[in-house]
Amino acid sequence: MTKLLLLGPAREAAGVSHDVVDGNTVGVVLEGAVKRYGTDFERILAVSQIWLNGNAADPLDQVGPDDEVAVLPPISGG
Amino acid sequence: MTKLLLLGPAREAAGVSHDVVDGNTVGVVLEGAVKRYGTDFERILAVSQIWLNGNAADPLDQVGPDDEVAVLPPISGG
Amino acid sequence: MVGSVNLASNLDWVYVSASPLSSDELTKWATRPNCGAVVTFCGTVRNSSTTGHEITSLEYETSTELAEGRLLEVVGEARSRWPELGAIAVHHRVGSVELGDTTVVVAVSSAHRLEAFEAAKYLIDTVKISVPMWKREVWEGGSAWSEETHSIVSVQQQ
Amino acid sequence: MVGSVNLASNLDWVYVSASPLSSDELTKWATRPNCGAVVTFCGTVRNSSTTGHEITSLEYETSTELAEGRLLEVVGEARSRWPELGAIAVHHRVGSVELGDTTVVVAVSSAHRLEAFEAAKYLIDTVKISVPMWKREVWEGGSAWSEETHSIVSVQQQ
């Protein structure tokens, strides 16, 4: 169980900004997210950065219930 | 007769900011100013720029009663 | 005073806000007795679109926590590049912003002006590419994400 | 609104003033619908002296007419170097200016930020060396002309 934060187009494709997903690594959490939100989300995830607690994450990083995995699609500047 | 404008240290050395001096060229007007204000003024004049009606002047430029000769010592920035 | 302030020094102030930004407030805050120069940058919404519509406003979306964290990283990188800087403030608007309104303000003070200019330019250039911030263009009857996009880059890359 | 304004365009505003300057007024004035960037520079009196005294204020002296004329020349040169600029304002204080108070403000707007930064830096650099302006340092019990001086240079030389 890990917190998931979905931003911009990822939030729009998922239909939610915050969620909780099963999994003990970043990669497993994101697989669960794709299963839950479908192919629009999967397409955006493919070009997104993944942060864990505010820093760039690796799919193999371990996660627990207090961690937050964030999906950050390409940005459009200020 | 030409208007004379004295600025910063030139104004201080002359004791006046505005004056009227005889002469039909910039050079003659400035000679008259040196005679009137003395050596402190002369020393500052030697390192000053001279403008005639807002533009850089030559000692030989002709002047009349509506013209203004300005003495601009080195500046100290903003 | 709200936003993430480095309270130890009172020299860094970053803020992501849904309320109008005041460049005057940032300029005054950044002005310090030992600093002869303050450079302020304001980015405003202009009538130019990536989607071809007559836009009436922009809608900015982010995570305040992630965005303020990244803004503090950008400020920290500026300090390491220009150690002589005085105060640094960076505020970014979120939510709906009308045409002509300010979306981002940077204010930097320094004893001398060269570093203040260089640091202000680095700060806004880096904020634009390093801080998570998504922009929707809004027009009469519709809206869409801005079509000029790029991956978020680290604060060292600029 | 006072000072020498290019009324034909309402894009250029120079002013030599004995009253306090407002960087906020210049920033707001320079903000235009087609300009996404505004860069503002404020120069303030700091506690640093060329004469070795504990200065309490500065005293600026000029001819308003000559100074405003030269400021318009500086603005004109900036326009010829960066034709895409929006509005340009340069205000300079004269008379007595206290520590911490603003002596000069430059505000420049542009569609994109690079030109606004470059032009603002050119403008203040050139104002400092091209505009007739004499500075006295004032301390408890005395005053003297600033000892850092240089000849006035043309607006093209920067």
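Scoring rules and cut-offs
- Residues numbered from 1 in each chain as written.
- Chains lettered and ligands numbered in written order.
- Predicted model: local features only at pLDDT ≥ 70, side-chain atom pairs only at ≥ 80, totals over all residues.
- Heavy atoms only, no water.
- Helix = DSSP H or I, 4+ residues; strand = E, 2+ residues; numbered from the N terminus.
- Rg over C-alpha atoms; globule rule 2.2 N^0.38 Å.
- Buried < 20%, exposed > 50% of the residue type's maximum accessible area, 1.4 Å probe, protein only.
- Contact = heavy atoms within 4.5 Å.
- Areas by Shrake-Rupley, 256 points an atom, 1.4 Å probe, with all protein chains shown as cover.
- Lys, Arg positive; Asp, Glu negative; His and termini not counted.
- Charge placed at Lys NZ, Arg CZ, Asp CG, Glu CD.
- Least-squares fit on C-alpha atoms with pLDDT ≥ 70 in both.
- Pairing = 2+ DSSP bridges.
- Axes fitted to C-alpha atoms, helices over the stretch in contact; angles between N-to-C directions.
- Buried area = accessible area lost by both parts, 1.4 Å probe.
- Salt bridge = Lys/Arg side-chain N within 4 Å of Asp/Glu carboxyl O.
- Polar contact = N/O pair within 3.5 Å; in protein donor to acceptor, adjacent residues only side chain to side chain.
- Nonpolar A, V, L, I, M, F, W, Y, C, P; charged D, E, K, R; others polar.
- Parallel < 35°, antiparallel > 145°, perpendicular 65-115°, else oblique.
- Phe/Tyr/Trp six-rings, centres within 6.5 Å; stacked < 30°, edge-to-face > 60°.
- Lys NZ or Arg CZ within 6 Å of the ring centre and 35° of its normal.

Asker: I tried to follow the overall build of chain C on my own but got confused; where do I start?
Answerer: For chain C, the count of helices and strands is three helices and nine strands. Listed N to C, the secondary structure of chain C is β-β-α-β-β-α-β-β-β-α-β-β in terms of helices and strands. The C-alpha atoms of chain C give 16 Å as radius of gyration, which agrees with the globular expectation for 158 residues (15 Å, within 12%). Across its three principal axes, chain C shows a C-alpha extent of roughly 50 × 30 × 25 Å. For chain C, the residues scored as buried account for 57% of the 158 residues in total. Contacts in chain C between residues far apart in sequence, at least 24 positions, make up 72% of those at least 6 positions apart. For chain C, the accessible area works out to roughly 6,200 Å², and carbon and sulfur atoms hold 48% of it. Charged side chains of chain C number 12 positive and 20 negative; the gap between the two group centres comes to 5 Å.

Asker: Looking at this model, I keep getting lost on the relation of the copies chain C and chain D. Mind explaining?
Answerer: The two chain copies are connected by a rotation around an axis plus a translation along it. Relative to chain D, chain C is turned by 180° and slid 0.0 Å along the rotation axis, the superposed coordinates differing by an RMSD of 0.0 Å. The superposition operator between the copies reduces to a two-fold rotation axis. Comparing interface residues between copies, 100% of those in chain C also sit at the interface in chain D, which points to an isologous, same-surface contact.

Asker: Would you take a moment to explain the sheet that holds strand S2 (residues 18-21) of chain A for this structure?
Answerer: All names here are of chain A. If you trace the five strands from one edge of the open sheet to the other, you get S2-S1-S5-S3-S4, paired in mixed fashion. Each of the sheet's edge strands pairs with one partner strand only, and the pair in question is S2 and strand S4 (55-56). Where helix H2 (residues 26-37) meets the sheet, its contacts fall on strand S1 (2-6), S2, strand S3 (49-52) and strand S5 (68-72), and the angle it forms with S2 comes to roughly 115°.

Asker: In this structure, what is going on with the arrangement of the chains? I would like to understand it.
Answerer: With three pairs of chains in contact, the largest contact count belongs to chains C and D. Contact between chain A and chain B is absent, and the least distance between their C-alpha atoms amounts to 34 Å. No part of chain B reaches chain C; the closest C-alpha pair between them is 11 Å apart.

Asker: Would you mind going over the interface of chain C and chain D with me for this structure?
Answerer: How big an interface is tends to be stated in terms of the accessible area lost upon association of its parts. Taken together, the 29 residues of chain C in the interface contact 30 residues of chain D. Interface area, chain C with chain D, both sides summed: about 2,400 Å², of which 57% is carbon and sulfur. One can count two salt bridges joining chain C with chain D. For Asp125(D), the salt bridge is made with Arg113(C), and the minimal N-O distance between the two is 2.7 Å. If you look at where chain C meets chain D, you find nine residue pairs in polar contact (both at pLDDT 80 or more). Sorting the residues of the side of chain C that touches chain D by element identifies helix H1 (23-30), strand S3 (37-44) and helix H3 (113-130) of chain C as the ones contributing at least two each. Looking at the side of chain C that touches chain D, its residues break down into twelve nonpolar, eleven polar and six charged.

Asker: What should I look at first to understand the environment of Thr56(C) in this one?
Answerer: Residue and element names in this part refer to chain C. In this fold, threonine 56 is placed in strand S4 (residues 55-61). On the basis of relative accessibility, which here comes to 34%, the residue threonine 56 falls in the partly exposed class. On a C-alpha basis, the gap between threonine 56 and glutamate 137 in space is 8.0 Å, while along the polypeptide they are 81 residues apart. Apart from the residues within four sequence positions on either side, threonine 56 is in contact with Glu98, Leu99, Val138, Trp139 and Glu140.

Asker: What am I meant to see in the interface of chain A and chain C here?
Answerer: The partner chain C presents 25 residues to the 18 residues of chain A that form the contact. Together chain A and chain C conceal approximately 1,900 Å² of surface at their shared face, both sides included; 57% is due to carbon and sulfur atoms. At the boundary of chain A with chain C, the tally comes to two salt bridges. Counting the contacts that link chain A with chain C gives nine residue pairs in polar contact (both at pLDDT 80 or more). Of all elements in the fold, only helix H1 (9-14), S3 and S5 of chain A reach the threshold of two or more residues within the side of chain A that touches chain C. Residue contributions to the side of chain A that touches chain C peak at three residues, all from H1(A).

Asker: Honestly, the pairing of S2(A) in this entry has me stumped. Any pointers?
Answerer: A regular strand places its side chains so that they alternate between the two faces of the sheet. Residues and elements named next belong to chain A. Side chains of S2 alternate between two faces, with Asp19 and Val21 buried and His18 and Val20 left unburied. The pairing of S1 with S2 spans four bridges and is classified as antiparallel. Bridging across to S2, leucine 5 finds its partner in histidine 18.

Asker: Please explain the packing of H3(C) against helix H3 (residues 113-130) of chain D as it appears in this structure.
Answerer: Helix-helix packing: each pair is described by the crossing angle between the helix axes and the interaxial distance. Running from N to C, H3(C) and H3(D) cross one another at 175°; their axes reach a closest spacing of 11 Å. With respect to H3(D), the axis of H3(C) lies roughly antiparallel. For the pair formed by H3(C) and H3(D), the contact residues are Arg113(C), Leu114(C), Phe117(C), Ala120(C), Lys121(C), Ile124(C), Asp125(C) and Lys128(C) on the first element and Arg113(D), Leu114(D), Phe117(D), Ala120(D), Lys121(D), Ile124(D), Asp125(D) and Lys128(D) on the second. Class assignment for the residues of the contact of H3(C) with H3(D) results in eight nonpolar, no polar and eight charged.

Asker: For this particular structure, what's the right way to read unusual backbone geometry?
Answerer: Note on backbone geometry: most residues besides glycine have negative phi, and most peptide bonds are trans. Here the phi dihedral of Asn53(A) falls at roughly 55°; this positive angle occurs in a residue that is not glycine. The topology assignment puts Asn53(A) in the loop between S3 and S4.

Asker: Which parts of the structure should I look at to understand the side chain of Thr25(B)?
Answerer: Residues and elements named next belong to chain B. Tracing the backbone shows threonine 25 in the loop between strand S2 (18-21) and helix H2 (26-37). Side-chain polar atoms of threonine 25 contact the backbone nitrogen of valine 28, separated by 3.2 Å. The contact partners of threonine 25, leaving out residues within four places of it in the chain, are Pro59, Leu60, Asp61, Gln62 and Val63.

Asker: Just to check I follow, could you spell out the packing of aromatic side chains for this structure?
Answerer: Within this structure, the stated rule accounts for eight aromatic pairs over all chains. Note on Phe117(C) and Phe41(D): the rings are 5.6 Å apart at their centroids and 10° apart in plane angle, and the pair reads as stacked. With one member in each of two chains, Phe117(C) in helix H3 and Phe41(D) in strand S3 (residues 37-44) form a pair that bridges those chains. When its relative accessible area of 1% is taken as the criterion, Phe41(D) is described as buried. The ring of Trp29(D) is capped by Arg32(D), whose NZ or CZ atom sits 4.7 Å from the centre of that ring. The ring of Trp145(D) has Arg136(D) sitting right over it, with the charged end atom 4.8 Å from the ring centre.

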